[in-house]
Each structure stands twice: as C-alpha cells, then as structure tokens.
Amino acid sequence: MSLIEIDGLEKSYRVYQKQEGLWASMKGLFGREYNEVQAVKGIDLRVEQGEFVAFLGPNGAGKTTTLKLLSGVINPTAGRATVMGHVPWKRENAYRRRFALVMGQKNQLWWDLPAQESFRLHQQIYRIPDDQFKNTMTELTELLDVKRLLKQPVRELSLGERMKMELTAALLHSPDILFLDEPTIGLDVVAQHNIQKFLKYYQEKRQITILLTSHYMKDVAALCKRVVIIAQGQIKYDGSLAGIIDQFSGYKNVTLQLGETQTPDNLDQFGTVLEVEVPRVKLRIDRNKVAHTLATILEKYTIDDMSVEDPPLEDVIAEVFSQVNDANHSGQLEDNTPKK
Amino acid sequence: MANAVYNQMLTWWVILRLGIEERLVYRGDFALGTLMRFLPIITQIFLWWAIFESIGDGDQSVARIGEYSYSDMVAYYLLTMLTRAFSSMPGLASGIAGQVRNGEIKKFMIQPIDMIGFLLINRIAHKLAYYSVAIGPFALVFFLCSGFFPDRPDMTTIAAFIATLLMGFVLGFFLEASIGMISFWFLEVSSLLFVYMLFSFFLSGHMFPLDMLPAGWGTIVDFLPLKYLAYFPAAVFLGKVPEDELARGLLIELGWILFFIAFSRFAFWRGLKRYSGFGG
C-alpha cells in the first residue's frame, strides 16, 4: 500500500457571480447566480514513503485545492483518498498528529509573542515529550539559523525569518508527511536558497514524504525528483523533471561560434534563428534532426565552437501550460454554465 | 487516562499563559483601555443624581423610581459594571467571523486542537489580565461609593452573587460564540452583532434595572438569557431576589448555558462541514 493513495478525486466550488453595477448588487440581495467551478477533476495519484514530489501548474490549476483535500481542510465532491491509511477529511487526531501543512501566505504563529512561545503551545497540542521537544527545536533552529531570534516577537521578524519559524513550528512534532504550499513565495534569492537547502537536508535525513507546490522552478529543480504537472484540475504529467523536456519539448537550442571570416548567411534553413550576435548565432533545431543538421552545418560553415542545450525548463513548462489551456478551452466553457 | 487528563490540563495552562502574555504586550493601550472604562461612572452618577433631583423637586433623597432610591440606583449601576466585566465578550464573535473570512480557521482543522476550547481559555486569560489591572480602580470606586450600598449581605447572598458572576461569564461566552458561528453562513456578522448589542443594552439591565419594566415585559425578560448578563447578579447582591426565585433563576440560567454550549457546538460542527464543502 502506498503512503498516499488518491483515486478519482474531484472538487467543485460554488462561486457567486455578480454582474457589474449597483442594480446587480440589489438583485444579489434576493437571488444569486452561482457558477460551479471544478477545481479538481478526477485525480489519481500514488505517493510512496520518502518521496519529495512537486506539484507544478499555473495559478488556479488545482494544486492548492489538492493539498487542502489531503490535509482535510475541505471535503471532496467525489472520489477517495487515504494518507497513511487515514481519510484526511475525517480529521481524526491520529492523522492530524502525523502531518503538517505550511502555507507561504498564512501565518500560524502568535503574532505578538516570540516564536518560542508558539513552539511551547505546539509541544502541548502535539504531546511532544520534553527532551524530544528540546532536541528537535535546537536542531531545527540551528539548521535554519534562527536560534538567536527565538525570543523576538514574530511581528518583528523579516518574511524569510518568519517562514523559517513557520517551518520549525510545523516540523516540531516530526510529522511523517509535510505539505508545503508555496513556501518560498515573496522571499529573496538568499532566503529561498536557504530554505531549499534546509528542506533537502531534512528530507534526506529523516526520509519524510513532502508534497510541495511552487512557482519557482529553482525550488523544484533543487528538491524534487518527481514532478506532477496539474492544469485545469487534471494531472498532465507525472515523472522526472528531465522527462518534462523529453516529453514536451521537441527542440534543442544550438549555439554556434562562427569562424572569423564566416558570415551567418542562410542559417534559417536548419531551424529557427533565435539570436544573431556575430560571431555567435543561436538556433532552435528539431530534436530528431540535431545530429544530422550539425553535421551539415560543420560541413558547410567554418565553426570555431558549438554547444547543444535543452531549452530552459521555464520555457518548456510555460509552453506546456499554454498548450493545456488551449486544449481545454472549450471544455472549460462548458463547465461554467451558470446554475441557480 | 490520568496522563491524558494531565496533558490536557497542561495544554490549557499553556494557552492561558500565552493569552495573558499576549494581552500584556501592548501595555500602554491595555492599561489606558482598562482605566478609561471607569470614566463613564462619574457621568452616570451625576446623570442619575440630576434625574432623581428633578423627580424629588430638588431633594433627591425622597425621590423614587419604581423601588429604587438614588443610592439604590448608583449601587445597582456599579454592580452591573462589575457584572459586565465578567459577561461582556468584546471581539469574540467578530473574531470568529474574521477567522472564517480570512481562512485562519484552517489552523483548527489541521491541528489537533479544539477551537471552542481554545477560545474559551484564551478569553479567561483576557479576563484575568483585565482583572489584574482593573482590580485597583474597582476597589477604589467601591470604597468611595460604599455609602450607596446597603449593609453587607450575608454569606449565602455573596456565594450566590459569585456564582451568578461566573455563570454570567460562561453564558456570555457561549452566547457570543454562537453568534460568531453564524459567520459560517453569512461571513459578516457585525450588523447582527449590533442588533444583539442594542437588545442586550436594554434587556440585560445594563441601561436600567429590569424590575422597572411593566409586568408583561418583565415576564418576557425573565425567560430571556440576556438578563443574566447584567441585571440578575446585581439584583442578587442587592437582595432583590427572594430565595425561591433565586433557585429558579439559577436553574433557568443553567438551562440557557447548556443550550448555548450545545448550539455553539452544533453550529461549529455544521459550519465546518459547510466550510469544507464549499470553501477553503
């Protein structure tokens, strides 16, 4: 049995639709039109113990909804899911003591008190024995380099420091599963990097299972071997990060360093010319024809140097998102027929 | 089993401690807010003095409103102030509504902790912090105004008075928590709260003693929960509640407490169901 088992999970919301203007507001007092928005449309997923999985997808794709379902904050409209044998939305204490959810934009600590005080409360809520609590807190705050800030009111911490405190609070009870919703949102590059480093170290050491949503490709590239792309409430891809490029990108980027006397003429016969900065030329070439095309180029032109690269991951994923959007456009319109 | 109880007590203690600490963070605002509440006393005493003087044609000592003389009225007013220090719950319902609206309520769904229990302990913490500062001014006011009070009541009356104060706290908490739970359906409860405050102001006895009301009204008010938030404890202290009525009153109050405990629990349960069904 897998640690997380999800079968045919669906969730739709009712969203109040208001036309523009005062008259519409008046009408809204008596009867309201609701749209049914399907945030998650049938997800099947298995996650094994010790995996570090990233959920990628455009805004509103259903990533956060999936995390909310798995942490029991919302009930599904259809389908089933178990996490460590528990049905999350039953919200049993036995389950709630074994996972943690950290949302980058939500604050769980007592705003006006030092983080240490919030940690004490967590110790009680999660029934953490004294010595274990002390050890874990020392370990976490040393790893995250926030030990000196324990006595400072949370409201006086920077966003990055606060996020580190949130993570500490979430991990105090040594959860088996950690759900992270955009943990690095709004943080500067250094803070992002520190949190990535910490998560990587902690996950490898404790072998806990982490599900992460993020918009920063760097987070994902640094942390997750497995990537699940969710768009329009469905899983569009499940596999390795490198696999995304293989599956969705049919191109390679080739950079040529032309010889001194060579002019960049007629290169567009081999592929799309992306950039010309003599003596350097960047081409996009069909993946299947790379070897053959390069041989031809070397034959006909004087080339000092060349490199072949996969297109940047961000570009590929942006392309995947927009493809999915186009493909589902008609389907989405059908889902949004107003219901009274 | 004993261990579980001990752990639960320890959790409550930590919540209580944090609640008090949080209250004491903004020392200046807290102290000023606490002390400012005593200012209206002076204006109220003068107001009643003017009213009684005009009724008594220049001699307030002979004037009566219902069964109340001027000193009865001042004593009553001071006692309702004390009572409301127990039963009023500033920010409780609106706090719950705020948590529902901004999603902070998720915390209580994810962590193994009961929200109503948490809020109750937190409220006790607020009250304790408040009393620790307010006890000085309260003692001073009651000392200066001791002439307005009748002779010291007997021990039974004092015991009954303390019981009604504590029950007033519990009733006030669960009543306003129940109103807060309505925010699961309406999101914003401030207007509802305003209506409640308005009714409460008149029907709890905060504005004037309820036994001044005409007979028909009196019966209605007798069976409403509001009178236990201000009038009832004051009336008990002033010896206006005969023994058989006292027992009946306490029983009705207990009934209301149980009702609002059950109602707030039920509304919370249904509300979470609704929240997890639609929102998130």
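The model shown is predicted, which means the values in this text are computed figures rather than measured ones.

### Quick notes on the sheet that holds strand β13 (residues 303–309) of chain A
All names here are of chain A. Strand order across the open sheet formed by four strands is β11-β12-β10-β13, with antiparallel pairing between neighbours. Single-partner strands in this sheet number two, and they are β11 (272–277) and β13. Taking each pair of neighbouring strands and ignoring which way they run, the sheet shows an average axis angle of 20 degrees. Bridging between strand β10 (residues 251–258) and β13 involves six bridges; their strand directions are antiparallel.

### Notes on the environment of Y201 of chain A
Topologically, Y201 of chain A is positioned in helix α7 (residues 189–206). With 105 residues separating them along the chain, Y201 of chain A and R96 of chain A place their C-alpha atoms 24 Å apart.

### Some thoughts on the interface of chain A and chain B
Accessible area lost when the parts come together is the quantity often used to give the size of an interface. Contacts between the two partners involve 26 residues from chain A, matched on the other side by 21 residues from chain B. Elements with a contribution of two residues or more to the side of chain A that touches chain B: β1 (4–17), α3 (93–96) and α4 (115–125) of chain A. Its residues assigned to classes, the side of chain A that touches chain B comprises 10 nonpolar, six polar and 10 charged.

### A look at unusual backbone geometry
Residue and element names in this part refer to chain A. At the junction of V278 and P279, the peptide bond is cis and its omega measures out at 5 degrees in the coordinates. As for its placement among the helices and strands, P279 is situated in the loop between β11 and β12 (280–286). Here the phi dihedral of R91 falls at roughly 55 degrees; this positive angle occurs in a residue that is not glycine. Inspection of the secondary structure assignment puts R91 in the loop between β4 (78–83) and α3.

### Focus on the packing of helix α1 (residues 2–23) of chain B against helix α7 (residues 115–144) of chain B
Residues and elements named next belong to chain B. Orientation of α1 relative to α7, taken along the N-to-C sense of each, is 45 degrees, at an axis distance of 8 Å. Relative to α7, the element α1 lies oblique. Regarding α1 and α7, the two cross each other, and that crossing is right-handed. Here α1 contributes W12, I15, L16, G19, I20 and R23 to the contact with α7, which in turn contributes F118, I121, N122, I124, A125, H126, L128 and A129. Split into classes, the residues belonging to the contact of α1 with α7 amount to 10 nonpolar, three polar and one charged.

Rules and cut-offs
Residues numbered from 1 in each chain as written. Chains lettered and ligands numbered in written order. Predicted model: local features only at pLDDT ≥ 70, side-chain atom pairs only at ≥ 80, totals over all residues. Pairing = 2+ DSSP bridges. Helix = DSSP H or I, 4+ residues; strand = E, 2+ residues; numbered from the N terminus. Axes fitted to C-alpha atoms, helices over the stretch in contact; angles between N-to-C directions. Contact = placed C-beta atoms within 7 Å. Nonpolar A, V, L, I, M, F, W, Y, C, P; charged D, E, K, R; others polar. Parallel < 35°, antiparallel > 145°, perpendicular 65-115°, else oblique. Left-handed = near helix turned anticlockwise from the far one by under 90°.

Such coordinate-based values are descriptive only and should not be taken to indicate function.
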